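Overview (structure and organization)
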Amino acid sequence: MIISWNTTNACNLYCKHCYRDAGVKAEEELSTSEGLALIDQIAGAGFKIMIFSGGEPLMRDDIFTLLARAREKGLRPVFGTNGTLITGAVAARLKETGASVMGISLDSVDPESHDELRAVTGAWQGAVDGMRACREAGLPFQVHTTVMDWNMPEVERLTDFAVEMGAVGHHIFFLVPTGRAVNIETESLRAEQYEKLLHRIMKKQAEVKIELKPTCAPQFMRIASQMGMQTRFTKGCLAGISYCIISPKGVVQPCAYLNISAGNIRENDFGKIWHNAEIFQTLRSEKYQGGCGTCRYQKVCGGCRARAYFYHGDYMAEEPWCLYHGRKGY
């Protein structure tokens with residue numbers, strides 16, 4: 001099971017697609033002591049992988065203390081970061097303290113395009129320098145790309161760049177309109193483009209040794225099956241089933257893009273929230289509506305619950321960006 005903790009709302013960038021609308025540290029973010037207790041509860045609830053994200057997690061003064069506790073408790077700590085704060089010394093300390101993998105965002109092979117999305121000149125170079133620092137420290141890293149209509153043609157080139165840089169994986173995130181991303185919803189993909197790109201990614205996977213992982217695109221499981229490809233994954237959408245996130249203030253929700261509270265760890269033990277919250281119980285029922293409810297790939301795909309909620313107001317509704325929906329001929 002995987003959990004992501006948005007450790008802070010503070011960030012040194014101001015990305016146009018940020019689901020957290022990050023920038024300035026939020027009031028009443030979890031303290032060090034609360035964070036340590038939370039990590040203990042996460043381990044106690046049976047989670048195995050802990051993602052430290054943000055905002056920018058490296059802006060927390062106590063991040064190495066939190067990282068050390070996660071490793072001590074038997075969790076596999078990984079990071080979601082913009083990479084710009086990873087110097088050689090930081091990379092070495094992350095590795096020494098127990099970080100397993102750094103996920104570094106890069107949205108274009110063109111520096112100006114990446115910087116425009118990230119709203120800070122030099123963000124591209126900072127991310128690439130961060131990758132080099134990880135590589136030199138022997139700290140594994142993967143490239144994270146948020147795909148929209150303008151950078152869709154260069155996804156394979158970004159994979160090649162990830163290979164060239166020595167990344168262990170390229171994770172491709174499909175935009176879900178939430179946070180600041182609502183303002184660029186028109187740049188998100190639609191069903192036909194979505195389907196074609198997933199086929200391209202699966203085809204590229206057969207050509208490279210690093211792992212390619214579409215995220216917030218659960219239909220990749222169906223497409224991999226249709227193409228006769230094996231993956232290590234068992235289900236597309238994990239929200240509330242074997243994955244959840246925690247906000248900087250301790251709010252638990254199914255995923256970063258499904259902004260519905262399941263509870264707050266300041267009011268209840270995380271394990272109790274994870275096991276008992278109504279929204280988690282509903283998601284685990286897999287009683288989807290529309291085409292998702294009748295699709296033969298329901299169990300391995302599940303559709304994007306956050307996208308269903310954004311477009312239909314019902315997180316168990318039909319996934320709006322799917323061409324299949326149980327129809328014949330696919």
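Before any of the text, the structure's been laid out above.
Read on for a plain summary of the structure. (Residues numbered from 1 in each chain as written. Predicted model: local features only at pLDDT ≥ 70, side-chain atom pairs only at ≥ 80, totals over all residues. Heavy atoms only, no water.)

Secondary structure summary: the chain contains 12 helices and 10 strands in total. The C-alpha atoms of the chain give a radius of gyration of 19 Å, which matches the 20 Å a tight globule of 330 residues would have. Dimensions of the chain, computed from the C-alpha atoms along their principal axes, are close to 55 × 45 × 35 Å. Considering the chain as a whole, with its 330 residues, one finds that 58% of them fall into the buried category. Taking as baseline every contact in the chain between residues at least 6 positions apart, the subset at least 24 positions apart corresponds to 69%. About 13800 Å² of surface is accessible on the chain, with carbon and sulfur atoms providing 50% of the total. Taking the average place of the 37 positive charges on the side chains of the chain and the average place of its 36 negative ones, the gap between the two points comes to 7 Å. (Helix = DSSP H or I, 4+ residues; strand = E, 2+ residues; numbered from the N terminus. Rg over C-alpha atoms; globule rule 2.2 N^0.38 Å. Buried < 20%, exposed > 50% of the residue type's maximum accessible area, 1.4 Å probe, protein only. Contact = heavy atoms within 4.5 Å. Areas by Shrake-Rupley, 256 points an atom, 1.4 Å probe, with all protein chains shown as cover. Lys, Arg positive; Asp, Glu negative; His and termini not counted. Charge placed at Lys NZ, Arg CZ, Asp CG, Glu CD.)

Residue position: Ala-137 is located in helix 5 (residues 123-137). Spatially, the C-alpha atom of Ala-137 lies 24 Å from that of Val-109, the residues being 28 residues apart in sequence. In this structure Ala-137 touches Ala-91, Ala-92 and Lys-95, once residues within four positions along its chain are discounted.

In the structure shown here, the tally under the stated rule is 16 salt bridges. Between Arg-200 and Glu-156 there is a salt bridge, with the nearest N and O atoms lying 2.6 Å from each other. In this pair, Arg-200 is assigned in helix 7 (residues 191-205) and Glu-156 in helix 6 (residues 155-165), connecting sequence segments 44 residues apart. Look at Arg-200 and you get partly exposed, because its relative accessible area is 26%. With a closest N to O distance of 3.8 Å, Lys-204 and Glu-207 form a salt bridge. Exposure remark for Lys-204: the relative accessible area of 11% places this residue in the buried category. Residue class for Glu-207 comes out exposed when judged on its relative accessible area of 52%. In the salt-bridge network here, residues are joined through shared partners; they are Asp-40, Arg-69 and Lys-73. (Salt bridge = Lys/Arg side-chain N within 4 Å of Asp/Glu carboxyl O.)

In terms of nonpolar packing, the biggest core is built from 90 residues, with Phe-52, Met-102 and Phe-270 touching the most fellow members. Counting residues per element, this core draws most heavily on helix 5, at six residues. Not counting residues up to four positions away in its chain, the partners in contact with Met-102 are Phe-79, Thr-81, Ile-86, Leu-94, Cys-134, Leu-139, Pro-140, Phe-141 and Gln-142. (Core = buried A, V, L, I, M, F, W, Y, C linked by side-chain atoms within 4.5 Å.)

The set of residues buried in helix 4 (residues 111-118) consists of His-114, Asp-115, Leu-117 and Arg-118. Down the axis of helix 4, the sector holding all buried residues measures 160°, keeping them to one side. Counted as exposed and oriented over 90 degrees from the buried face of helix 4: Glu-112 and Glu-116. Where helix 4 is buried, its residues contact strand 4 (101-105) and helix 5. Positive backbone phi, approximately 65°, marks Ala-119, located one or two places after helix 4. (Arc of directions from axis to C-beta.)

As a further point, take the sheet that holds strand 9 (residues 251-253). Within the open sheet, the 10 strands sit side by side as 7-6-5-4-3-2-1-8-9-10. Their pairing is mixed. Where the open sheet ends on each side, the last strands, each with one partner, are strand 7 (211-215) and strand 10 (263-264). As paired strands, strand 4 and strand 5 (residues 141-147) are joined by four bridges and run parallel to one another. Along strand 5, the bridge assignment pairs Gly-103 with Gln-142. Its contacts with the sheet place helix 6 against strand 5, strand 6 (169-174) and strand 7, and it is angled at close to 150° to strand 6. (Pairing = 2+ DSSP bridges. Axes fitted to C-alpha atoms, helices over the stretch in contact; angles between N-to-C directions.)

A full pass over the atoms with the stated rule returns 12 aromatic pairs. Both rings, one in Trp-5 and one in Phe-52, keep their centres 6.3 Å apart while their planes meet at 50°; by these two values the pair is tilted. Separated by 47 residues along the polypeptide, Trp-5 in strand 1 (residues 2-6) and Phe-52 in strand 2 (residues 49-53) bring together distant segments of the chain. Considered together, Trp-5 and Phe-52 belong to a single accessibility category, that of buried residues. Geometrically, the ring pair formed by Tyr-297 and Tyr-324 is edge-to-face, given 5.4 Å between the ring centres and 75° between the ring planes. Taken together, the positions of Tyr-297 in the loop between helix 11 (290-294) and helix 12 (305-312) and Tyr-324 in the segment after helix 12 put the pair 27 residues apart, joining distant regions of the chain. When the ring centre of Phe-233 is taken as reference, the NZ or CZ atom of Lys-213 above it lies at 5.2 Å. A cation over a ring is seen here: Arg-284 above Trp-274, with NZ or CZ 4.3 Å from the ring centre. (Phe/Tyr/Trp six-rings, centres within 6.5 Å; stacked < 30°, edge-to-face > 60°. Lys NZ or Arg CZ within 6 Å of the ring centre and 35° of its normal.)

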